Amino acid sequence: MPGSLKKKGYRKVLKTIRDGKAIWLVGTGPRDTGQSDFKNRFTLHDLSRLLPIYDASGYFAIDSHGGARLHQNMMNNMIHPFEEARFFASLMPNVLSQTLIRATNVWGYRMYTRNTVRLAVESFLPTIDVWRCFDFLNYVPNMAPVAEEVLRGGKIFSPAISFTESPETTDAYYLRVLKEIVSLCGGTKDIILVIKDMAGVGSPGRIHRLVDAFLQKYPGLILLYHRHSTDGLVMPAMAAAAAAGAKLFDVTDDASSRFYGHPPVRPLVRYLRELGHEVRFDMNRADEASAVVRGFIRNYDRFESQFKGFSNDVTAHRMPGGAFPSSFEQAEKGGFLDLMPHILKGMSYGNRIIKYFDVTPGSQITWTTWAAILQRYHKEGGEHSVKRLFSVLDRYFEAGERIEALAHADQNVLLRLYTVATDDLKNLLLGKYGPLPFGWPKEWVYRSAFGDGWAEKVEAERIPSSPLSKLPDEDQEKARAAMEAEMGRSVTQEEFVLYLMHPKAATDFLKFRARNGDTTVLPTGVWFHGLRMPGAQVMITIDNKPHAIRLVSIGEGVGGVKHVVLSVDNIMHVFPVELPEAAAARKTVRRASPGNKGEIGAAVTGTVWRVGTKDRFLKEGDRLRKGEEILNIEVMKTENAVKSPLAGVIRELCVKVNDRVEEGQLLAVIDPGAE
């Protein structure tokens, strides 16, 4: 049946589900499973063996595109997102393809303009059938540009309501959000509504009540329950949703099911059938898929989260499944993995201070905020300082969230809390993603985040309604010219769309592809580890022609360089390779002097992803205004602007784009007196 979409149109597909009693499944293997437990590193070489099995399994759709995978494909996997979408469609002609799109954040981490949203959606419409769309604030106007293009393009629009459990998230609240969605989409007949339980916090009883409330209000609504396994109650919660009338569920292959992804498909199907539900699914094909996954899943062990096991405390900190492995990886790289339990506890306090939904980009904002807070407190006074912070927060909530009821010393602790606020958190507090769903936080939060002059800034800059309406269309001709100047050639429409989403990642990927060709032809083991021993060989096929690459020898290191000899189709090639220790010796980390205002140090550990601003690339000798952005450091997909504390001239830029920098590292030197 799903394959009929391409021939008969989406309304017949939706009518079949609406009128029938059967439960249908969406496989999350290629995208959300890979993101939630394996950091989006699944290769096309491995996935290509699964896709024909999925095509014959009876799935309604396969979650194969979007979310963070588009970015990771360019940044780490070296997979062209458009080529991947066409590849998946060619191997799964009988199953619908599905993307996850973050409303006006699209497949990036900032709010894009209407014309950019439209161009991105239009470009992928030919290969994507189901468009699951959510806004992390449940601000429905942000979904409008996506809904308009998808419904006009004859594909299935699947709006998702971000779900969590809290005193504010009542049935009445969710019904108000649903009413706005129904109004946006002109009714319920053309959509699949998703309850997006991204952290896995919904108890079975709560989910049953919510599904029932939705279907009582809108009896013809097709409803899908999306849930991560984190708290350990995924199976009974799924069964409760089915009992209340949900028709679709997200699942994953048994062999790839871990702790932060989705429920294993065969146990869920068995359980639902035992409860009397009809489930459209071929269990024999699922056996085949799990056997394939077992054959390759060990390749991805190093990408799994360092913390394993179900985590019932997710109901407090609400870290979504897709962010768990990435956050622990960032903590390990930053040298503060041991602080993660404190950071998660801090997030539980933060969720009560600033109330919104911890899903991209909100989850990154929450995590980076509390990672910075806890590192600072631990650095200042160790465990004692951390406990002191938590005790003050406990007293704050015991006092009914009245800062004036606290002792003066405790008030000062709270007023220091958000002094490490990133630009993303500040934008959130100013409504630049949309109005917060449960109202603005207390005034002391703004005083802490913005410092002196906070009231004037809030008065001047906070947006009480739709920020999208205040965002002028992007000058795409100018953006295309900038990309072509960077690439030194004209670019295709598809390349330009990737650039609009992630400028640096797109240009880096396209340059890598031009230099190295299509590396997706390599087997997974070779892609991750190369040819390790002389005599090792790999066979690949390019344009239907077989090629053989054999490692002949690895020379002794001389002057920090080893010479590697490869035989490519029996022709010898010699490649000089710099040893890691030589590169490390060449790079010594310089520290900024706290007493010298002209020396700009990194406030966080992360990666330099931009020098200057979007509109102005900076170089040595350029003049700066006080407060002007010098560069930007990326941490867990959030921006951290580094601004000049004084006016002057850039005497020295000590880092470049893509450099990994440590907290306190010297980034730039500003000369206040230079001309």
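Right above here is the structure, for reference.
Every value quoted in this text rests on a predicted model; they were computed, and no experiment measured them.

Before we move on, can you summarise the sheet that holds strand β20 (residues 666–671) with the specific residues and values?
Reading across from one edge, β13-β20-β18-β15 is the order of the 4 strands in this open sheet, with antiparallel pairing throughout. Each edge of the open sheet is held by one strand with a lone partner, namely β13 (599–601) and β15 (623–624). When β15 meets strand β18 (residues 648–653), the two strands line up antiparallel, connected through 2 bridges. Bridging across to β18, Leu624 finds its partner in Gly648.

How would you explain the sheet that holds strand β10 (residues 545–554) if you had to name every residue and give the values?
Strands pair in a sheet through their backbones, by hydrogen bonds, and they do so in one of two ways: parallel or antiparallel. Strand order across the open sheet formed by 4 strands is β9-β10-β11-β12, with antiparallel pairing between neighbours. If you trace the sheet from one side to the other, it starts and ends with β9 (537–542) and β12 (571–578), each paired once. Within this sheet the neighbouring strands show an average axis-to-axis angle of 30°, counted without direction. Sheet analysis places β10 next to strand β11 (residues 561–568), joined by 5 bridges and oriented antiparallel. Paired with Arg550 across the bridge in β11 is Ser567.

I'd like a rundown of the pairing of strand β3 (residues 96–101), residues and numbers included.
The buried count for β3 comes to 6 of 6 residues, which makes it a mostly enclosed element. Here β3 shows no split at all, with Leu96, Gln98 and Leu100 on one side and Ser97, Thr99 and Ile101 on the other all buried. Two elements, strand β2 (residues 61–66) and β3, share 5 bridges in a ladder whose sense is parallel. Bridge pairing in β3 places His65 opposite Thr99. When β3 meets strand β4 (residues 130–134), the two strands line up parallel, connected through 4 bridges. Counted as the bridge partner of Gln98 is Val130 from β4. Once the chain exits β3 it traverses helix α7 (residues 114–124) before rejoining the sheet at β4, and the crossover so formed is right-handed.

Talk me through the nonpolar core; I want residue IDs and the actual numbers.
Among the nonpolar cores identified, the biggest contains 204 residues, and Phe60, Trp370 and Tyr418 are the most heavily contacted of them. When residues in this core are grouped by element, the largest group, 14 residues, is from helix α17 (residues 362–398). Leu522, Ile540, Ile549 and Leu551 belong to the second largest nonpolar core, which has 7 residues in total.

Parameters and conventions
- Residues numbered from 1 in each chain as written.
- Predicted model: local features only at pLDDT ≥ 70, side-chain atom pairs only at ≥ 80, totals over all residues.
- Heavy atoms only, no water.
- Pairing = 2+ DSSP bridges.
- Helix = DSSP H or I, 4+ residues; strand = E, 2+ residues; numbered from the N terminus.
- Axes fitted to C-alpha atoms, helices over the stretch in contact; angles between N-to-C directions.
- Buried < 20%, exposed > 50% of the residue type's maximum accessible area, 1.4 Å probe, protein only.
- Right-handed = clockwise from strand over helix to strand, strands pointing away.
- Core = buried A, V, L, I, M, F, W, Y, C linked by side-chain atoms within 4.5 Å.

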